[in-house]
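In case you want the letters, here they are:
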Amino acid sequence: VHRLDAETTGILLFAKSPGAVESYSDLFEDRRMEKTYLAVVEGVPQKPEWTCLLKLAPAPGQIGRMRVDEREGKESETHFRVLQSIGPRSLIAAQPLTGRTHQIRLHLAETVGPVVGDDIYGRQEDRGKLGLRAVRLAFADPFTRRRIEIRAPVEGFCREYGFDIPAL
């Protein structure tokens, strides 16, 4: 129904029929799907919470890479909240309102620092596992109208980077 960057772990929503794909895709397109990610970044934000509204566009001549482009870029919006900082790294909850390619990765790289392991927007020598995990989807089911919340385990992800398990 939606996509994740190849290196991002966590929740991916599938549907069994073309009608279901269309109905659930509409939730994403109409911004009625609540998405939460955990990101481990190289940096400590100056504020505990912030919103990034930088416009994003494809980087010319660089397939698969995006860039900030205030004139030609598409609107994008991500809300961030610092959950914990240890030394030079921080664990951040990211809630993207829009769904642009590499949105969370680029918004963090531009406002705080790169996501750990991000060899596109971070340091080339930092080629470990990408510190980005889709941990929550919440929505009103388009067929039953019931509130649905899907959560991915976070304990292993947090332990891997030395952080406590956060309350989301």
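The shown structure was predicted, so the numbers you read here are calculated from the model rather than taken from an experiment.

## Some points on the overall build of the protein chain
Then comes step 1: Each helix and strand in the protein chain was counted, giving 3 helices and 9 strands.
Then comes step 2: Secondary structure of the protein chain in N-to-C order comes out as β-α-β-β-β-β-β-β-α-β-β-α.
Then comes step 3: Compactness check: the protein chain gives a C-alpha radius of gyration of 16 Å against a globular reference of 15 Å for 168 residues, within 12% of the reference.
Then comes step 4: In terms of principal-axis extent, the alpha carbons of the protein chain reach across some 45 × 40 × 25 Å.
Then comes step 5: With 168 residues in all, the protein chain has 45% of them scored as buried.
Then comes step 6: Put simply, of all contacts in the protein chain between residues at least 6 apart along the chain, 62% involve residues at least 24 apart.

## Quick word on the environment of C158
Then comes step 1: Along the chain, C158 falls in helix α3 (residues 155–160).
Then comes step 2: Assessed through its relative accessible area of 0%, C158 is described here as buried.
Then comes step 3: A sequence separation of 75 residues divides C158 from L83, and the C-alpha atoms of the two residues are 11 Å apart.
Then comes step 4: Not counting residues within four places of it along the chain, the set of residues in contact with C158 comprises L38, L91, F163, D164, I165 and P166.

## With respect to helix α1 (residues 18–29)
Then comes step 1: Along its 12 residues, α1 runs 16 Å from first to last C-alpha, staying within 8% of the 16 Å computed at 1.5 Å per residue.
Then comes step 2: Along α1, the positions that sit buried rather than exposed are A20, S23, Y24, L27 and F28. Each buried residue of α1 lies within a common arc of 150° when the element is viewed along its axis, so the set occupies one face. Pointing more than 90 degrees away from the buried face of α1 are the exposed residues P18, E22 and E29.
Then comes step 3: At its buried positions, α1 is contacted by β2 (34–42) and β8 (132–140).
Then comes step 4: Positive phi shows up at R31, right after α1, with a value of about 60°.

## Re the pattern of salt bridges
Then comes step 1: Inspection of every chain in the model, using the stated rule, returns 11 salt bridges.
Then comes step 2: Across the pair E149 and R136 runs a salt bridge, and its minimum N-O distance is 3.3 Å. Taken together, the positions of E149 in strand β9 (residues 147–151) and R136 in strand β8 put the pair 13 residues apart, joining distant regions of the chain.
Then comes step 3: Judged by relative accessible area, which is 40%, E149 ranks as partly exposed.

## What about the pairing of strand β7 (residues 89–96)?
Then comes step 1: With 6 of its 8 residues buried, β7 lies for the most part within the structure.
Then comes step 2: Note: β2 against β7, 6 bridges, orientation antiparallel. Residue L38 lies in a different strand from β7, and its bridge partner there is A93.
Then comes step 3: Inspection of the sheet shows strand β6 (residues 78–86) paired to β7 by 8 bridges, in the antiparallel sense.

What counts, and where the lines are drawn
- Residues numbered from 1 in each chain as written.
- Predicted model: local features only at pLDDT ≥ 70, side-chain atom pairs only at ≥ 80, totals over all residues.
- Heavy atoms only, no water.
- Helix = DSSP H or I, 4+ residues; strand = E, 2+ residues; numbered from the N terminus.
- Rg over C-alpha atoms; globule rule 2.2 N^0.38 Å.
- Buried < 20%, exposed > 50% of the residue type's maximum accessible area, 1.4 Å probe, protein only.
- Contact = heavy atoms within 4.5 Å.
- Expected span 1.5 Å × (residues − 1).
- Arc of directions from axis to C-beta.
- Salt bridge = Lys/Arg side-chain N within 4 Å of Asp/Glu carboxyl O.
- Pairing = 2+ DSSP bridges.

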